[in-house]
Amino acid sequence: MNRPAPAPNLAYDRVRAVEWVEGRIRLIDQRVLPLHEAYVHLDTVEQTAEAIRDMVVRGAPAIGVTAAYGVVLAARDRYARSAGAWTEAIGADLARIAAARPTAVNLAWAIARMRGVIEAGIAGDPVPRLLVEAQRIHAEDIAANRAMGDHGADLIAPGSGVLTHCNTGALATGGYGTALGVIRSGYATGKIARVYADETRPWLQGARLTAWELSQEGIPVTMIADGAAAWLMRQGKVQWVIVGADRIAANGDVANKIGTYMTALAARHHGLRFMVVVPISTIDLATPNGEAIPIEQRPESEVLAFGGTRVAAEGASAWNPAFDITPAGLVDALVTERGVVLAPDRAKIAALMARG
Ligand SMILES: CSC[C@H]1O[C@H](OP(=O)(O)O)[C@H](O)[C@@H]1O
């Protein structure tokens, strides 16, 4: 049964994690959503790196788009200081942005793409040419998300229930979303009848960001504690687990938000199918397997406190890896803008990337 597409609330079209506005980067401040809709404006490389590190903006593709605009800021500053030596001086700026967070490969990918434009040579003021490239990266990501939404929704039987983890929507990308893009497309076409979302401790991307995006669009979502995922699967109400990723290694191993690995294990145990939705910019052939992916360790305070109030007993410490690794063998479908890879492995991913 094809449900008529919901009246587009345009939340995902209205909501942009990152925008270039009047010569500045404008970020919606994801640290304070959903209680406050506030914006942060960036004018410098230092501000860009800090905003990525502090998760004002987060989500692998959104980080990459922000980094690309950050290179425009860097070039404007370096060219103003020395029109003849800006290409040498900007190297330190690119490195500073790239170092902001280690796991999402989109950050390094975007910096490398912008560096390629610089190294190809730009006559005169570099800002116009670099801004065009950054805007292309942004537009390509949105287009990729729309295509992935359709590819992923095609895999889902009508009336299905799905579980998602973290936030992979317009707030994590250039717009529309990866896994949440599949959920948007799947809901609009009647493939998805019920959406469950993990709250995603400790940063609560699910409870704060995914719930906000879906509620803005009238897509019903039921929040669950991360620890309830396996028991929800046991109830038989979910047929797919759909997640994004921060890096896919050459063998198909998946780096994604902490909690993804245990969800994949539970899905396989219960006979559910596990879908990973990523743009090609998230696949890193230079990283051979999951063990080679750097896992960001974040502050203990994110686990020990809640809303700025300590909840863990004094004396307790915390271990707070921001990501984990799901082996490729637990992935049933890898969805990209180029199409779907079932049971991904090294050979299939190499073939996908070679297709161009
Ligand atoms: C569309 S990829 C989003 C990806 O990024 C999130 O991590 P973080 O919120 O720490 O940037 C999470 O791993 C999501 O799957």
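On a predicted model such as this, the values are computed, not experimentally measured, just so you know.

Per the UniProt annotation, the sites labelled "site: Transition state stabilizer" (unreviewed entry) are Cys166. Residue position: Cys166 is located in the loop between β4 (160-164) and α7 (179-188). Judged by its relative accessible area of 7%, Cys166 is buried. Once you skip the residues sitting within four places of it in the chain, Cys166 turns out to touch Arg58, Asp198, Thr200, Gln205, Gly206, Thr210 and Lys257.

By the element assignment, Ala264 lies in helix α10 (residues 260-269). The sequence separation of Ala264 and Ala230 amounts to 34 residues, and the corresponding C-alpha distance is 9.6 Å. In this view, Ala264 contacts Phe274, Thr326 and Leu330; residues no more than four positions away in its chain are not counted.

Next up on the list: the UniProt feature "binding site: substrate" (unreviewed entry) in the chain. The UniProt feature table records "binding site: substrate" (unreviewed entry) at Arg58, Gly59, Ala60, Arg101, Gln205, Asn256 and Lys257. Checking the named residues against the largest cavity, the ones that line it are Arg58, Gly59, Ala60, Arg101, Gln205, Asn256 and Lys257. Among the structural elements, Arg58 can be located in the loop between α2 (45-53) and α3 (60-81). The residues contacting Arg58, other than those within four sequence positions of it, are Gln30, Ile63, Arg101, Cys166, Asn167, Leu171, Ala172, Trp203, Gln205 and Leu209. A distance of 3.1 Å separates a polar atom in the side chain of Arg58 from a polar atom in the side chain of Gln30. Mapped onto the elements of the fold, Lys257 is located in strand β9 (residues 254-257). Sequence-distant contacts of Lys257, defined by excluding residues within four places in its chain, comprise Arg101, His165, Cys166, Thr200, Gln205, Asp246, Ala322, Phe323 and Asp324.

How each quantity is defined
- Within any chain, residue numbers begin from 1 and follow the written order of that chain's sequence.
- Reporting of local features is limited, given that this is a predicted model, to residues whose pLDDT is at least 70; pairs of side-chain atoms are given and counted only at 80 or more, and all residues count toward the totals for whole chains, interfaces and linings.
- Just so you know, side-chain values use all the structure's heavy atoms and leave hydrogens and water out.
- UniProt positions are given in the numbering used here, feature names are shortened, and annotations may be inferred rather than shown by experiment.
- Strands here are runs of E lasting at least two residues and helices are runs of H or I lasting at least four, both read from the DSSP assignment and numbered beginning at the N terminus.
- Burial classes: relative accessible area under 20% of the type maximum marks a residue as buried, over 50% as exposed, and values in between as partly exposed (1.4 Å probe, protein chains only).
- Only heavy atoms enter the contact rule, under which two residues are in contact if any of them lie within 4.5 Å.
- The distinction between a cavity and a pocket rests on a 1 Å grid over the protein atoms alone: a 1.4 Å probe fits inside a cavity but cannot get out, while a pocket stays open yet meets protein on both sides within 12 Å along at least five of seven lines, and a residue with an atom within 4 Å of a point counts as lining.
- Throughout this description, a polar contact denotes any pair of N or O atoms lying within 3.5 Å of each other; where both atoms belong to protein, one of them has to be capable of donating a hydrogen while the other can accept it, and for residues adjacent in sequence the pair is counted only when both atoms sit in side chains.

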